[in-house]
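Okay, here's what each chain looks like letter by letter:
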Amino acid sequence: DVKVTQSSRYLVKRTGEKVFLECVQDMDHENMFWYRQDPGLGLRLIYFSYDVKMKEKGDIPEGYSVSREKKERFSLILESASTNQTSMYLCASSLNLPGTSGTTDTQYFGPGTRLTVL
Amino acid sequence: SQKIEQNSEALNIQEGKTATLTCNYTNYSPAYLQWYRQDPGRGPVFLLLIRENEKEKRKERLKVTFDTTLKQSLFHITASQPADSATYLCARSNDYKLSFGAGTTVTVRA
């Protein structure tokens, strides 16, 4: 079974702090994704990576950056946390990118990190 | 941008009945639609994929349809059980990304 783990389930930070969210997958997937999930808005893609050191902006990249130094690890960075970044953050991985093949595009999600910025 | 909408935030049904969830999309038909299940405090889990050229797909008590004329997918849970209570998300492929609907929360009463 694919396993995607996230470094923290719950995190509380102060406005202006630099925040690191870590994600690790164990299935040798090429692609990794960071989403945030807010009530009524669904999952929104922040960034994704299709290879080591490669990244692409998603739909809401402002205020975030990412790092992928190793294939299994994808980090989300909030350079200066703000209260509007309080959310559930979900990491996912997949063998192929969406739209490329179908079943191997399936995304496997981690348990999520609930981040509160005070 | 390609929008995807799930028409109902919440659905309450009696055990044994069929739950029907709707997912509507805009613009061109995606290559496929995916359905995920999400339990409280957990990440989504993939359930089913249906391609543009497939009318219907089944997996155990789950059935998904894809109507490109109506730009709509229906997700059915037949003979529903309390264990089916969860939020169900649909997603469409969109330029190497997945766009998700906001989800429909299903509660099955015993």
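These numbers were taken from a predicted model, which means no experiment stands behind them.

Engineer: Just to check I follow, could you spell out the overall build of chain B for this structure?
Structural biologist: Within chain B, the secondary structure is distributed over zero helices and 11 strands. Taken from the N to the C terminus, the helices and strands of chain B come in the order β-β-β-β-β-β-β-β-β-β-β. For 110 residues, the compact-globule formula gives about 13 Å, and the C-alpha radius of gyration of chain B, at 13 Å, lands near that figure. Seen through its principal axes, chain B has C-alpha atoms that stretch 40 × 30 × 20 Å. Looking at chain B as a whole, 49% of its 110 residues are labelled buried. Contacts spanning at least 24 positions in sequence make up 55% of the contacts within chain B whose residues lie at least 6 apart.

Engineer: What's the story with the nonpolar core in this structure? I'm lost.
Structural biologist: Side chains that are nonpolar tend, in soluble globular proteins, to be buried together. With 21 residues, the main nonpolar core has B:Leu21, B:Trp35, B:Phe75 and B:Tyr88 as its most contacted residues. Looking at this core, the elements with two or more residues in it are strand 3 (19-25), strand 4 (32-38), strand 5 (45-51), strand 7 (62-67), strand 8 (72-77), strand 9 (86-94) and strand 11 (104-109) of chain B. Not counting residues within four places of it along the chain, the set of residues in contact with B:Tyr88 comprises B:Gln6, B:Leu21, B:Tyr36, B:Arg37, B:Leu47, B:Phe75, B:Ile77, B:Gly103, B:Thr104 and B:Val106. Of all hydrophobic cores here, the second largest spans 20 residues; its members include A:Leu11, A:Met32, A:Trp34 and A:Leu115.

Engineer: Any chance you could explain the packing of aromatic side chains here in plain terms?
Structural biologist: Aromatic ring pairs are reported here in terms of the distance separating the ring centres and the angle at which the planes meet. The full count for this structure, using the stated rule, is 12 aromatic pairs over all chains. Ring centres of A:Phe109 and B:Tyr36 lie 5.9 Å apart, and the angle between their planes is 90°; this geometry places the pair in the edge-to-face category. A residue pair is termed interchain when its members come from two chains, as with A:Phe109 in strand 10 (residues 108-109) and B:Tyr36 in strand 4. Assigned by exposure class, A:Phe109 and B:Tyr36 land together as buried. Taken together, the aromatic side chains of A:Phe33, A:Tyr35, A:Phe48, A:Phe109, B:Tyr36, B:Phe46 and B:Phe100 make up a single cluster linked through ring pairs. Residue placement shows B:Arg92 over the ring face of B:Tyr28; its charged tip is 4.9 Å from the ring centre.

Engineer: How do you make sense of the side chain of A:Gln6 when you look at a structure like this?
Structural biologist: Residues and elements named next belong to chain A. With respect to the helices and strands, Gln-6 occurs in strand 1 (residues 4-6). Since its relative accessible area comes to 9%, Gln-6 is described here as buried. Looking at Gln-6, its side chain comes within polar contact range of the main-chain oxygen of Tyr-89, at 3.1 Å. Non-local contacts of Gln-6, meaning those with residues more than four positions away in its chain, are made with Glu-22, Trp-34, Tyr-89, Leu-90, Cys-91, Gly-110, Pro-111, Gly-112 and Thr-113.

Cut-offs applied
Residues numbered from 1 in each chain as written. Chains lettered and ligands numbered in written order. Predicted model: local features only at pLDDT ≥ 70, side-chain atom pairs only at ≥ 80, totals over all residues. Heavy atoms only, no water. Helix = DSSP H or I, 4+ residues; strand = E, 2+ residues; numbered from the N terminus. Rg over C-alpha atoms; globule rule 2.2 N^0.38 Å. Buried < 20%, exposed > 50% of the residue type's maximum accessible area, 1.4 Å probe, protein only. Contact = heavy atoms within 4.5 Å. Core = buried A, V, L, I, M, F, W, Y, C linked by side-chain atoms within 4.5 Å. Phe/Tyr/Trp six-rings, centres within 6.5 Å; stacked < 30°, edge-to-face > 60°. Lys NZ or Arg CZ within 6 Å of the ring centre and 35° of its normal. Polar contact = N/O pair within 3.5 Å; in protein donor to acceptor, adjacent residues only side chain to side chain.

Treat this as a map of the structure, not an account of what it does.
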